Amino acid sequence: MAFPKTFQSFAEFEREIIHPHTRMGLSLEDIVEDTSFDAEVEVDSDPFESMRDDAY
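Residues numbered from 1 in each chain as written. Predicted model: local features only at pLDDT ≥ 70, side-chain atom pairs only at ≥ 80, totals over all residues. Heavy atoms only, no water.

**Student:** I'm lost on the overall build of the protein in this one. Help?
**Tutor:** If you tally the helices and strands in the protein, you get 2 helices and 0 strands. Split by element, the accessible area of the protein, about 6100 Å² in all, is 56% carbon and sulfur. (Helix = DSSP H or I, 4+ residues; strand = E, 2+ residues; numbered from the N terminus. Areas by Shrake-Rupley, 256 points an atom, 1.4 Å probe, with all protein chains shown as cover.)

**Student:** It is not clear to me how the packing of aromatic side chains should be interpreted in this structure. Could you clarify?
**Tutor:** Pairs of aromatic rings are described using the distance from one ring centre to the other and the angle between the two planes. The final tally for this structure, using the stated rule, is 2 aromatic pairs. Between Phe7 and Phe13, the ring centres sit 5.4 Å apart and the planes meet at 75 degrees, which makes this aromatic pair edge-to-face. Classification of Phe7 by relative accessible area gives partly exposed; the value is 26%. Among the residues examined, Phe13 registers a relative accessible area of 28% and is labelled partly exposed. Among the aromatic side chains, those forming a connected cluster through ring pairs are Phe7, Phe10 and Phe13. (Phe/Tyr/Trp six-rings, centres within 6.5 Å; stacked < 30°, edge-to-face > 60°. Buried < 20%, exposed > 50% of the residue type's maximum accessible area, 1.4 Å probe, protein only.)

**Student:** What is the right way to read a nonpolar patch on the surface from this model?
**Tutor:** A cluster of nonpolar side chains, namely Phe10, Ile17 and Ile18, defines an oily patch on the protein surface of about 300 Å² accessible area. Relative to the assigned elements, Phe10 resides in helix 1 (residues 10–18). (Patch = residues over 30% accessible without salt bridge, like charges linked within 9 Å, V, L, I, M, F, W, Y side chains within 5 Å. Salt bridge = Lys/Arg side-chain N within 4 Å of Asp/Glu carboxyl O.)

Laid out in structure tokens, this is it:
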């Protein structure tokens, strides 16, 4: 016979038992190694150039 599952907090119990469909399915390693947002943003011109006051 298997031992009952134990939880560290109510939040963990809620995540695993009550609302398992809301889990993302990603591990911490997956999130850390994700390179989706590593791209550099390239801007052709300065968007504030027209507001700059070069009179000083």
